[in-house]
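Architecture and fold: a report
Listed below are the residues making up each chain.
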Amino acid sequence: TNPMHADLAWSTVGVFSSADVKENPSTGLATLTSEQFGSSFNLCKTERFFEQPSAAFCSGSLVGPDIIITAGHCVRTEQACANTKFVFGFNIKDKNGKAPETVPLDDVVQCKSIIAREETGDGADFAVIRINRKVTKYKPLQIHRNQNVTKGMKLVMIGHPSGLPTKVDDGGSVRDPSPNGFFVATTDSYGGNSGSAVLNLETGEVEGILVRGEQDFVY
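First, a word on scope: everything that follows refers to the structure included in this document. (Residues numbered from 1 in each chain as written. Predicted model: local features only at pLDDT ≥ 70, side-chain atom pairs only at ≥ 80, totals over all residues. Heavy atoms only, no water.)

Topic: the overall build of the protein
A tally of helices and strands in the protein yields three helices and 16 strands. The C-alpha radius of gyration computed for the protein amounts to 16 Å, which stays within 12% of the reference 17 Å derived for 219 residues, consistent with globular compactness. Once the C-alpha set of the protein is aligned to its principal axes, its extents read approximately 50 × 40 × 35 Å. Every one of the 219 residues in the protein was classed for burial, and the buried ones make up 47%. In the protein, once contacts between residues fewer than 6 apart in sequence are set aside, the share between residues at least 24 apart is 67%. If you sum the accessible surface of the protein, you get close to 11300 Å²; carbon and sulfur atoms cover 49% of it. Both charge centroids of the protein, one from 21 positive and one from 25 negative side chains, sit 4 Å from each other. (Helix = DSSP H or I, 4+ residues; strand = E, 2+ residues; numbered from the N terminus. Rg over C-alpha atoms; globule rule 2.2 N^0.38 Å. Buried < 20%, exposed > 50% of the residue type's maximum accessible area, 1.4 Å probe, protein only. Contact = heavy atoms within 4.5 Å. Areas by Shrake-Rupley, 256 points an atom, 1.4 Å probe, with all protein chains shown as cover. Lys, Arg positive; Asp, Glu negative; His and termini not counted. Charge placed at Lys NZ, Arg CZ, Asp CG, Glu CD.)

Quick look at the structure:
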């Protein structure tokens, strides 16, 4: 319901395997291959978002006209980059809550090269990606660069938990800012949120990238 957070969400992307994004120039649309969230994860039918599609394997954000950031473990090699597409607008716009099966072709960009990347099990985990064209439809997110994350700082995370259409979690906060290369927070995150922008709740600036967490589901 926060207009600023809703606006910021348009600058985030789902990270897809290229094979799961079928582009059709004649229709101007790309079809997204997905599975039903609840069935594919073997969840109870009362689980929230059970009927929605699970499609993205990671999340990311536009931070420059042709630059996207995500987690380092989401795009590890140039070969992986060649097989990765980023999809804007994988979100629920329909008033009846119907999830999208297609997106406009101009909402799909290809990973072109890895500008910088680090993946340390107990430290930093990020990738800075150049995409195949400049994006003018959406605004790059602003990065908070002075790195003064403080305990208790309120956060909002935007991404694709379990591959679902865009979800906004605005109830997180910084739990421990002291580790080297990362900070610990209380975001409601799942697999698929890897690479999600973690932003300052008040300013909307990127404070970090979601890269790991606790166990998602208990069967």
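Side note on the state of the cysteines
A full pass over the atoms with the stated rule returns two disulfides. Covalent S-S linkage joins cysteine 58 and cysteine 74, the inter-sulfur distance amounting to 2.1 Å. Disulfide cysteine 58-cysteine 74: the torsion about the S-S bond is -80 degrees, which places it as left-handed. On the criterion of sequence distance, the pair formed by cysteine 58 in strand S6 (residues 58-64) and cysteine 74 in the loop between strand S7 (67-70) and helix H3 (78-82) is long-range, its members being 16 residues apart. Residue class for cysteine 58 comes out buried when judged on its relative accessible area of 4%. Residue cysteine 74 is classed as buried on the basis of its relative accessible area, which comes to 7%. A sulfur-sulfur separation of 2.1 Å characterises the disulfide bridge that pairs cysteine 81 with cysteine 111. (Disulfide = S-S within 2.5 Å.)

A short note on the packing of aromatic side chains
Counting across every chain of the model gives seven aromatic pairs. For the pair phenylalanine 16 and phenylalanine 90, a centre-to-centre distance of 5.6 Å together with 75 degrees between the ring planes defines the contact as edge-to-face. With phenylalanine 16 in strand S1 (residues 12-17) and phenylalanine 90 in the loop between strand S8 (84-88) and strand S9 (102-104), this pair connects stretches of sequence that are 74 residues apart. Across the pair, exposure class does not vary: phenylalanine 16 and phenylalanine 90 are buried alike. An aromatic cluster of three or more residues is present, and its members are Phe37, Phe41, Tyr190 and Phe217. (Phe/Tyr/Trp six-rings, centres within 6.5 Å; stacked < 30°, edge-to-face > 60°.)

Points about the pattern of salt bridges
Evaluation of the coordinates by the stated rule reveals eight salt bridges. With a closest N to O distance of 2.6 Å, lysine 85 and glutamate 23 form a salt bridge. Taken together, the residues lysine 85 in strand S8 and glutamate 23 in strand S2 (residues 21-24) connect sequence positions 62 residues apart. For lysine 85, a relative accessible area of 12% corresponds to the buried category. On the basis of relative accessible area, glutamate 23 is assigned to the partly exposed category, the value being 39%. Put simply, glutamate 119 and arginine 76 hold a salt bridge, and the shortest N to O gap is 2.7 Å. (Salt bridge = Lys/Arg side-chain N within 4 Å of Asp/Glu carboxyl O.)

What to know about the side chain of aspartate 125
Of note, aspartate 125 is situated in strand S11 (residues 125-131). Ignoring any residue separated from it by four or fewer positions in sequence, one finds aspartate 125 in contact with Ala71, Gly72, His73, Glu118, Glu119, Val211 and Arg212.

A few points about unusual backbone geometry
Trans is the prevailing form of peptide bonds, just as negative phi is the prevailing case for residues other than glycine. Positive phi, normally seen in glycine, also occurs at asparagine 42, with a value near 55 degrees. Turning to its location among the elements, asparagine 42 is positioned in the loop between helix H2 (37-40) and strand S5 (53-54). With phi around 70 degrees, phenylalanine 49 is a residue other than glycine that occupies positive phi space. Tracing the backbone through its elements, the reader meets phenylalanine 49 in the loop between H2 and S5. Exposure remark for phenylalanine 49: the relative accessible area of 28% places this residue in the partly exposed category.

By themselves, these are just geometric observations and shouldn't be taken as functional.
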